[in-house]
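# Observations on the three-dimensional arrangement
Chain by chain, the residues run as shown.
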Amino acid sequence: MMRRFGLAFNDWFEKWMFLIIPCSLVAGFLSAPVLQRFVDWIPFLFAYVTLTMAIGCGLGQLREVMKKPGIMGLTFLIAHIVSPFIAYWMGVLLFGTDSPYVIGLVLFTIIPLGVSTVLWVGMSGGSVPLILAMVVLDSMLSPLVVPAGIAFLFDTAVEVEAGPLMLDLTILIVLPTIVGIALYELTGGKIQAKVKPYTAPVSKLCFAAVVTLNASAIAPYMHELKGDMLTLVPLVIALVGICYALGYLPARMLRVDREQLVTVSFAAGMRNISLGTVLALGYFSPLAAVPVVLSILIQQPLATLHHYVLQKLHNRNTSQRMSRNVR
């Protein structure tokens, strides 16, 4: 009974995630005075979400990804080099080099690929093993990638101690990932199927809780935004949309198969936003977290739109091929 309920709840959450997550964000803003006492729980909730993701990936899947260095390199190049440069210059042009919003925009693009990317890739006909392994690898590299990217783009303009940042990323991402992979290997890959009815629903609730608590943490600073939202919201929408396009267009030009096209386009567009908010609040001005939090509202609805566009393009291409074959 519990197994059926857990799986049904997990399926329901995934189906409506594009609405649930923004609602969780709004709930955090509205309930900030009550929820702020629980903000310290965020790292533990986040580590659990990472662990449940990692138990679905083993060393074999990681080895398969390493056999495709081209597609993996393209994804990481777009996600962590091209996108941060675009985010930086978009922010600088609109807010100036000293704005905390610029840090938030860059942080959104430079953090690891999002865990929820796995869900969208699966629903859109991409390669789940490929994206899962890339998310795991990207997460494990984050203690090196995030501090290095920030240091390169901002030089001395932003004071960040790389050591504590790398340690936090290791605790939040790397250690749960290693534990998850170890559990996968020790059980011969059977653990996820056995525990999914219980761990997956809890993981989804933890993910929503992280979003809610992050929103409550920055709620007291929202009055400082004043008229900036009129510029910031369209900017974040444009940036997230550009990230999806950056994944789709190069993959399309390289004529990769449809599975890889879908996988790369979603990977380039989606980030681990909960981690970004944790880092923004822990190491930068609370205002730096605002673009990251706004992307929570935008990333999932745009993922829905991207899914729809990919399906339409696939159906159109299939119809064209069938017409040529008939002739």
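Now for a look at the structure at hand.

What counts as what
Residues numbered from 1 in each chain as written. Predicted model: local features only at pLDDT ≥ 70, side-chain atom pairs only at ≥ 80, totals over all residues. Heavy atoms only, no water. Helix = DSSP H or I, 4+ residues; strand = E, 2+ residues; numbered from the N terminus. Rg over C-alpha atoms; globule rule 2.2 N^0.38 Å. Buried < 20%, exposed > 50% of the residue type's maximum accessible area, 1.4 Å probe, protein only. Areas by Shrake-Rupley, 256 points an atom, 1.4 Å probe, with all protein chains shown as cover. Lys, Arg positive; Asp, Glu negative; His and termini not counted. Charge placed at Lys NZ, Arg CZ, Asp CG, Glu CD. Axes fitted to C-alpha atoms, helices over the stretch in contact; angles between N-to-C directions. Parallel < 35°, antiparallel > 145°, perpendicular 65-115°, else oblique. Left-handed = near helix turned anticlockwise from the far one by under 90°. Contact = heavy atoms within 4.5 Å. Nonpolar A, V, L, I, M, F, W, Y, C, P; charged D, E, K, R; others polar. 1 Å grid on protein atoms, 1.4 Å probe; cavity = no way out; pocket = protein on both sides within 12 Å on 5 of 7 lines; lining within 4 Å. Points joined across faces, edges and corners; volume = space filled by probe spheres on them. Phe/Tyr/Trp six-rings, centres within 6.5 Å; stacked < 30°, edge-to-face > 60°.

## Thoughts on the overall build of the protein
Within the protein one finds 15 helices and 0 strands. Taking 2.2 N^0.38 as the reference for a compact globule, 327 residues should give roughly 20 Å; the C-alpha atoms of the protein span a radius of gyration of 19 Å, in line with that estimate. The C-alpha extent of the protein, read off along each of the three principal axes, is 60 × 50 × 35 Å. Counting the 327 residues in the protein, one finds 51% classified as buried. For the protein, the computed accessible surface area is about 15000 Å², with 68% contributed by carbon and sulfur atoms. One finds the centroid of the 21 positive side-chain charges in the protein at a distance of 20 Å from the centroid of its 15 negative side-chain charges.

## What to know about the packing of helix α6 (residues 69-95) against helix α7 (residues 100-110)
Where α6 meets α7, the closest approach of the two axes is 8 Å, and the angle between their N-to-C directions is 165 degrees. When the interaxial angle is binned, α6 and α7 end up roughly antiparallel. Of the two possible hands of crossing, α6 and α7 adopt the one that is right-handed. Of α7, the residues touching α6 (which contributes Ala79, His80, Ser83, Pro84, Ala87, Tyr88, Gly91, Val92 and Phe95) are Tyr101, Val102, Leu105, Val106, Thr109 and Ile110. Of the residues contributing to the contact of α6 with α7, the split by class is 11 nonpolar, 4 polar and no charged.

## Re the layout of surface pockets
Any empty space left between the atoms is revealed when a probe the size of a water molecule rolls over them. Roughly 690 Å³ of internal volume is contained in the largest pocket. What lines the largest pocket is a set of 36 residues, and nearest its centre among them are Glu14, Val115, Val118, Leu119 and Lys204. When contributions to the lining of the largest pocket are tallied by element, the ones reaching two or more residues are α1 (2-15), α2 (17-30), α4 (42-54), α8 (117-123), α9 (128-154), α11 (191-218), α14 (273-283) and α15 (289-326). In terms of residue count, the dominant contributor to the lining of the largest pocket is α11 (8 residues). Taken together, the residues that form the lining of the largest pocket break down as 16 nonpolar, 15 polar and 5 charged.

## Thoughts on the environment of Ala289
Structurally, Ala289 can be placed in helix α15. Considered as a pair, Ala289 and Gly28 are 261 residues apart in the sequence and their alpha carbons are 14 Å apart.

## Regarding the packing of aromatic side chains
Per the counting criterion, the structure on display carries 10 aromatic pairs. Plain terms: the ring middles of Phe9 and Phe13 are 6.3 Å apart, the flat faces sit at 50 degrees to each other, and that makes the pair tilted. Note that Phe9 and Phe13 are positioned in helix α1 at a spacing of 4 residues, about one turn of the helix. Taking the centre distance of 6.0 Å and the plane angle of 75 degrees together, the rings of Phe85 and Phe152 count as edge-to-face. Of this pair, Phe85 sits in helix α6 while Phe152 sits in helix α9, and the two are 67 residues apart along the sequence. We classify Phe85 as partly exposed; its relative accessible area is 36%. Chaining the aromatic ring pairs together yields one cluster made of Phe5, Phe9, Trp12 and Phe13.

## Section: the environment of Leu172
Along the chain, the position of Leu172 falls in helix α10 (residues 162-186). Looking at Leu172, the relative accessible area reads 6%, which means it is buried. When the C-alpha atoms of Leu172 and Ala47 are compared, they prove to be 5.1 Å apart, with 125 residues separating the residues in sequence. Look past the residues within four positions of Leu172 in its chain and what remains in contact with it is Pro43, Phe46, Ala47, Thr50, Leu275 and Val278.

## Re the side chain of Ser24
With respect to the element layout, Ser24 can be found in helix α2. Its relative accessible area of 10% is what places Ser24 among the buried residues. Beyond its immediate stretch of four places on either side in the chain, Ser24 contacts Ala208, Val211 and Thr212.

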